[in-house]
Each structure stands twice: as structure tokens, then as C-alpha cells.
Amino acid sequence: MACSSMQSFFLGSHACPVSGHFTLKRKIGHSSVNCAHVLDGHGTLAADCIPVETTHFGTLKRSFTERKFEIEDRELGNGKFGRFGGKFVPETLMTCLNNLETEFKSVLRDSEFQAELATALRDYVGRETPLYFAKRLTEHYKNENGEGPEIYLKREDLNHGGAHKINNALAQAMIAKRMGRTSIVAATGAGQHGVATAAACSKLSLDCTIFMGTKDIEKQYSNVVLMELLGAQVKSVHGNFKDATSEAIRNWVGDLESNYYLSGTVVGPHPCPTMVREFQSVIGKETRKQAMEKWGGKPDVLVACVGSGSNALGLFHEFLDDQDVRLVGVEAGGFGLDSGLHSATLARGELGVYHGAMCYLLQDDDGQIVGPHSIGVGLEYPGVSPELSFLKDAGRAEFYTATDGEALEAYKLLCRMEGIFPSLEASHALAFLEKLCPTLPNDTKVIVNCSGRGDKDAATVLSSLKSNN
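The following refers to the structure shown. Positions within a chain are numbered from 1, following the residues in the order the chain's sequence is written. Predicted model: local features are reported for residues with pLDDT of at least 70 only, side-chain atom pairs are reported and counted for 80 or more only, and whole-chain, interface and lining totals are derived from all residues. The side-chain numbers reported here are obtained from all heavy atoms of the structure, hydrogens and water having been left aside.

**Re the sheet that holds strand E15 (residues 397–403)**
Cut-off, in case you're wondering: Paired strands, as defined in this entry, are two strands with at least two bridges between them according to DSSP. Each helix is a run of H or I in the DSSP string that is no shorter than four residues. Each strand is a run of E no shorter than two, and both are numbered from the N terminus. Lines are fitted to the C-alpha atoms to define the axes, a helix being fitted only along its stretch in contact, and any angle between axes, read from their N-to-C directions, falls within 0 to 180 degrees. Between two residues, a contact is recorded if the distance between any of their heavy atoms is within 4.5 Å.
Taken in spatial order, the six strands line up as E5-E6-E16-E11-E12-E15 in an open sheet, and their pairing is mixed. For this open sheet the edge positions go to strand E5 (131–133) and E15, each flanked by a neighbour on one side alone. For this sheet, the mean angle separating the axes of adjacent strands, direction not counted, is 30 degrees. Taken together, the three bridges between strand E11 (residues 301–306) and strand E16 (residues 445–450) define a ladder with parallel strand orientation. Of the residues in E16, the one forming a bridge with Leu302 is Ile447. Across the sheet, helix H16 (residues 424–431) lies against strand E6 (150–155), E11, strand E12 (326–334), E15 and E16, angled at about 140 degrees from E11, the strand it touches most.

**Comments concerning a negative patch on the surface**
So the rule is basically this: Patch criteria: residues need more than 30% relative accessible area and no salt bridge. Like-charged residues are merged within 9 Å; nonpolar side chains of Val, Leu, Ile, Met, Phe, Trp and Tyr are merged within 5 Å. Computed with the Shrake-Rupley method and a 1.4 Å probe, the accessible areas treat only the protein chains shown as cover for residues. The working definition used for a salt bridge is a side-chain nitrogen of Lys or Arg within 4 Å of a carboxyl oxygen of Asp or Glu. Only four residue types enter the tally: Lys and Arg on the positive side, Asp and Glu on the negative side, with His and both chain ends excluded. The atoms used to mark charge sites are NZ of Lys, CZ of Arg, CG of Asp and CD of Glu. Whether a residue is buried, partly exposed or exposed follows from its accessible area with a 1.4 Å probe, protein chains only, as a fraction of its type maximum: under 20%, in between, or over 50%, in that order.
On the surface, Glu350, Asp364, Asp365 and Asp366 cluster together into a patch of negative charge. Within the secondary structure, Glu350 is located in strand E13 (residues 350–354). Among the residues examined, Glu350 registers a relative accessible area of 48% and is labelled partly exposed.

**Some points on helix H15 (residues 404–418)**
For clarity, the threshold we go by: A helix is expected to span 1.5 Å multiplied by its residue count minus one.
Between its first and last C-alpha atoms H15 spans 21 Å; for 15 residues at 1.5 Å apiece the expected length is 21 Å, and the two agree. Within the span of H15, buried status applies to Asp404, Ala407, Leu408, Ala410, Tyr411, Leu413, Leu414, Cys415, Met417 and Glu418. Positive phi shows up at Gly419, right after H15, with a value of about 70 degrees.

**Looking at the state of the cysteines**
How we decide: Cysteine sulfur atoms are paired as a disulfide whenever they come within 2.5 Å of each other.
Taken as a whole and assessed by the stated rule, the structure comprises zero disulfides. Looking at the unpaired Cys201, the closest cysteine sulfur is the one in Cys208, lying at 3.9 Å. Residue classification places Cys208 among the buried positions, given a relative accessible area of 7%.

**Focus: the nonpolar core**
What counts, and what does not: Put simply, buried Ala, Val, Leu, Ile, Met, Phe, Trp, Tyr and Cys residues joined by side-chain atoms within 4.5 Å make one nonpolar core.
Grouped together as the largest cluster of nonpolar side chains are 39 residues, with contacts concentrated most on Leu117, Ile175, Ile184, Met227, Tyr260, Met275 and Phe279. Of all the secondary-structure elements, those providing two or more residues to this core are helix H2 (91–108), helix H3 (111–125), helix H5 (165–178), strand E7 (183–188), helix H6 (192–204), strand E8 (207–213), helix H8 (221–229) and helix H10 (272–280). Per element, the largest residue contribution to this core is eight residues, and it comes from H5. Setting aside chain neighbours within four positions, we find Leu117 in contact with Ala171, Met174 and Phe279.

Right under this line is the structure:
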């Protein structure tokens, strides 16, 4: 894709538009399509660019396993998940992304790199994280006959830095150093990816600049302090995570030779989503092993919150081929889906291109990005993982929502029942247990990804609960 200038890439809420005199040939689903106008200027895919045969997955007769990723390489993929994903970027970025993909594939087959990463994950991050049986929470959700599911928590909140984000941040920082980059650029919402990136950069002696929205800085200031103590330069951007991401990418493209953009989410142009998912898949791999040790089988249901999708895919990916394992994602319902104040992209989004990839996207009738809302600021993003977008359409994963109020109650419940402070993001997944548990047979094994620690949210929760009372 060509743009008139590098600085036109990701301006505000817009994807890089293609002028009428450019012609783009991109493979979407099964078809190569020639489009004179790929984007409408607002981040939305023009209708005439969607091949008829791939607009509805219900028309495909193949099994999920047969069509799962439409990939050239089963292990890594080519960045296409059916009609989702891809590289919607200026041609000037293609070489950089191709080089990154080559390096990524190289490290996955480099035994020395893998040994170094495994040691760091064990000794520095603190893996493996426990699979904790939440006994009192299990009792809480039993019915009048004393029956109900068994609830387990995958304790990603116990990682160094307080969240799952360090799994990916450390691995990518190691890649950056291997590639000779000296400066790391990243964006953060709730601050957990920022803290993880700052910690990894400190460990590996890399310069670190974190972009963060002014709204998020106000809500998550304790993480700003941690980032600065770890040596990162925190730059404020008017708005929230989506705006910080745009600014981080702008900064990255200003010096591609020295800068490395360290994505913490499974969004963006290929290979970024695949890299993040791969480095987060340690969550699911450990979960399979731990389930076998604890009860000699697989989990029945996996539950994770969904913002852009990194913690959900980290848990789900290992089990995609296990059709008897339900995959349940919970988005941020905010003040309710009808309020317009939510971050439920998979529930209410439409097909569009944002930050370099095709996915479901919150947008209005004119294709303008609709600002997301959630009390869990790490869930405030108008797009979502291309892979999760595909899993929704393929019917392999289920997606629901939890409101701000429901997340607050779940936060309080886990504190009181188990003495654990979940992040407000993870609290959305926990909140869905209220609706899920009554529908499950006795002794069903349910695992919830407790993706982050919630002390960062304690003041917000206390203030909200007092206000509600």
C-alpha cells in the first residue's frame, strides 16, 4: 500500500487511506481483489473490496479444523485469518515488517534464544504461574442441591510486573536487541504493558519510551510511577489507548533503523498479532499441563476478558483443536450495549481496517471510529484481534459482555471470597461466572484467566462502590 507520506500513517482514528489513483491488490479470504478505493478515509473497508464468497463464514462448508487459519505455515501463519488480518500499511513499512517476520521465525527455531527466554521466564518472570482452585468461589456458585462447576484461576497476576504482559514484552525486547535496535517504543492503556516493557528494557539495557493517554494516566498513575522508576520516558497523548498507539507508531516510523515498536496486543499488521499470540501462548500450554496434573484431563471451559485479545488468545490458542473445550471471551459492556458507552467490538463492531489490519471495529455509519468505554481501561480499544474476529465468525469461540457494574461486583467478590485482587480487566471475565455457572453440569472444570493484579484499580473500585452506595 502506498501513501503520500509516512506521516499519513495512522493519523488520529484513521487508517492510512488509499487515494483514488492507486490500485491495491490484496488477498482477502480466498480471493485477490483489485480495489481503487480500499478505505473510505475513516478506517472502514469499502464495500466493493469484500469478495462475496468470503463475507459470511456460514457459507463455507469445510470443518473448522480444515479452514482454521488459511495459512501457509501451520505454526506461524501468514497473518491472514480468513478475511481478517493482513498488512494494511505504507509500502515503506513493508521491508521493516518483513525483516521482523524473518527474525521472529528465526528465533522460534533458535535453541539458544529459546533456552535464554525459558530461563528468563522462569527466573525473572516467575513462571510457571499457578492454576489455583478457587474453593470458596466454587462453593458460592453451587446451586441449592450443592452442585456446580469447579472454578480455577490461572494466576497471571502473579507474574513479575503484575500481569501477563511481561511474557511478550520480555521476548520481544530480546528480539529487538538481537536485531541491533537500541530504543523501544510502546503504547499502554492500563499501564501493565508499559510496566512490563519498561522492566524488560531495564533488564536488557535498552532505551524505553512509553506513550499513554491522558485519561489513562489519570486513572492508572501508580503504573506511571513504576514505569518512570524503571527508567522509561512516559509521554502523554491526549485521549486514551487508541490515541497513544497511533502516536507510538508515528514515533516508530520516524526512525526505523534505531526504534523497535513493541506491540503488547494481538492487533496491528502482520507479524505483530502472531508474535504476541505466540509469546502469550505459554499461558495455555501451562494450563494444559497443569490440568492434566490436577485432574488428569482437559478443562471444559476457558474464560478470559477481551479488550484487543492478548490474554484471551494466550489461553485459548493451545486448545483451538480441542473441540470439546469451550472458549469464552468476555468483552467490556460498559454502561450497556444500548448506551453506546462500551468496548464490545465483537458484539457490536463491523468489518474495518484499523492500525494496519482488518478486524471487527467500533465505527459509526460514516465509518468514523466510535470511542470505546470501560471501567477497565485496558479493555478500551475500538478494534480487536483479527484472529479472535475469525474465531467468532467460525463459531469456535463464544463472546459475551459484562458491564462496569458487574465487573465491580466481581472484583469485590474475589477479594472477599479468595483474598485475591483481580484487575478490573480480568474482573469482566470473573463477572460472567454469574451467568455461566448455573448453565453448567456438576463438576465442570472452568478456568478463568486472572490476567492481571488489581491493586492498580483499588482506588477506582472503592470510589465507584462508594458512589453507587
